[in-house]
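# Residue-level structural notes
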Amino acid sequence: IVYLPILTLEGVEGRMFRPMALTVIFALAGSLVLALTLVPVLASLLLRRGIAEHETWLVRRLRRLYEPLLDRAMKRRLATVGLAAALFAAGIGLSLTLGAEFIPRLDEGAIALQMWRLPSVSVDEAARQTTLLERTLLREFPDEIETVVSKTGRPEIATDPMGMEMSDVFVMLRPRDRWRLDSREELVEEMEEILAKSVPGAAFGFSQPVELRVSELIAGVRSDVAIQVYGEDLDELQRLGERIARLVAEIEGADDVKVEQVSGLPVLTLKVDARAAGRYGVRAGDVLAAVEALGGRQVGIVLDGEKRFALQVRFPAAVRDDEAAIARIPVAAGEGGRLVPLGELSTFTTREGAAQVSRDRIQRRISVELNARGRDIASL
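Residues numbered from 1 in each chain as written. Predicted model: local features only at pLDDT ≥ 70, side-chain atom pairs only at ≥ 80, totals over all residues. Heavy atoms only, no water.

### What about the sheet that holds strand β4 (residues 203-207)?
The strand order across the open sheet built from four strands is β2-β3-β1-β4, with neighbouring strands paired in antiparallel fashion. The outermost strands of the open sheet, each flanked by one partner alone, are β2 (145-154) and β4. If you compare each strand with its neighbour and ignore which way they point, the axes differ by 20° on average. With seven bridges joining them, strand β1 (residues 110-116) and strand β3 (residues 162-173) adopt antiparallel strand pairing. Across the sheet, M115 pairs through a bridge with S167, a residue of β3. With respect to the sheet, helix α7 (residues 209-219) is in contact with β1, β2, β3 and β4, its orientation differing from that of β1 by roughly 55°. (Pairing = 2+ DSSP bridges. Helix = DSSP H or I, 4+ residues; strand = E, 2+ residues; numbered from the N terminus. Axes fitted to C-alpha atoms, helices over the stretch in contact; angles between N-to-C directions. Contact = heavy atoms within 4.5 Å.)

Structure follows, in structure tokens:
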């Protein structure tokens, strides 16, 4: 009976603990059947006859204490049952005031700090900001922080991709007896306040290394709580996500509230002018080939022993980032060797596009994440 409530657990905790509860229940049920059937038969066959039954001195002492109490309880049945019912009701009332969470939060001796920037951030700017963050933390908290290690972007893992706008920062802490601050919560609050001033334009989230990865493996998010909204329209998903974030940010204990970044990446769109290309005798494929060279075009393969590397050529960054320079890129027209600027053959528009599109079971979704600070997850 003690293990039956475990069968009512839902979600990840149910999937983890139900098999254990079922195993114990089956084992106890089997032992009960054996105790009532096989054990008496074996006892009658194997135990010697003429064994005298007696109580140990401890049992005799306990019996002297227990029997008078039992007699009193039997004489005052209503009072006994009423007291038991009152204690049971008090226990239920006390349980309702207790918090609940799947795994108790342990002190891992380190802080996993997450940093989000605009999706359009460059590699150099991301490196500059993470370096600034590391130096700021080491300068402001010399007594609490031993070292800081940052990791920006992670495209090679298909199950957990990270763009250049995301950084994982691991903050290794010193022993508590050397701290200037009193608690880890106070340290996180001061870090959040200082970083908001020192690294503008970035958002931060605080967790612990193992706790962060466990949350990510269990639910696919890196925070304690995630609210997921499904739909086809990315703009509508973004609007609903921001509205949900404003609402949950008002809840006591909700911290590090953030909305998944699905937009904010500038996209240069080029449309070939078919009439202009026809006048100059330029094929649309030649125009698109020139555009392809902006991002990079593979022209061969380099062999280094057994390793193979793609050889790619592309325009320098000064050209790729300048719309006027892009318009001056020459495109060969016909067989005469005449060159026509790309701007004469196409039109350019720059707009804000999707930074990423997250899906769950083929459906588009957006996540609103938050951490519980100073409060248990169930009540939050």
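### Overview of helix α6 (residues 184-198)
Residues that lie three or four places apart on an α-helix share one face, since the helix turns once every 3.6 residues. Taking 1.5 Å of rise per residue, 15 residues should cover 21 Å, and α6 covers 21 Å from first to last C-alpha, within 8% of that figure. Residues of α6 that are buried: R184, L187, V188, M191 and L195. The arc that holds the buried residues of α6, viewed along the axis, is 95°, so those residues lie on one side. Packed against the buried residues of α6 are β1, α5 (123-140), β3 and β4. In this structure S183 caps α6, since a side-chain oxygen of it lies 3.3 Å from the backbone nitrogen of E186. (Expected span 1.5 Å × (residues − 1). Buried < 20%, exposed > 50% of the residue type's maximum accessible area, 1.4 Å probe, protein only. Arc of directions from axis to C-beta. Polar contact = N/O pair within 3.5 Å; in protein donor to acceptor, adjacent residues only side chain to side chain.)

### So, the pairing of β4
Burial analysis of β4 places four of its five residues in the buried class, the great majority of the element. Pairing of β1 with β4 involves five bridges; the strand directions are antiparallel. The residue bridging A112 from the neighbouring strand is S207, located in β4.

### Describing the environment of L138
Tracing the sequence through the fold places L138 in helix α5. Residues L138 and V148, 10 residues apart in the sequence, show an inter-C-alpha distance of 7.6 Å.

### A word on the confidence of the model for the protein chain
Close reading of the predicted structure is inappropriate where its pLDDT is low. Overall, the prediction assigns the protein chain a mean pLDDT of 87, with 97% of residues at 70 or greater. Element-level mean pLDDT values for the protein chain span from 78 in α7 up to 94 in helix α3 (residues 57-75). (pLDDT = per-residue confidence, 0-100.)

### Details of a negative patch on the surface
Judged by side-chain charge, E232, D233, D235 and E352 come together as a negatively charged surface patch. With respect to the helices and strands, the residue E232 is situated in the loop between β5 (225-230) and α8 (234-248). Its relative accessible area of 59% is what places E232 among the exposed residues. (Patch = residues over 30% accessible without salt bridge, like charges linked within 9 Å, V, L, I, M, F, W, Y side chains within 5 Å. Areas by Shrake-Rupley, 256 points an atom, 1.4 Å probe, with all protein chains shown as cover. Salt bridge = Lys/Arg side-chain N within 4 Å of Asp/Glu carboxyl O. Lys, Arg positive; Asp, Glu negative; His and termini not counted. Charge placed at Lys NZ, Arg CZ, Asp CG, Glu CD.)

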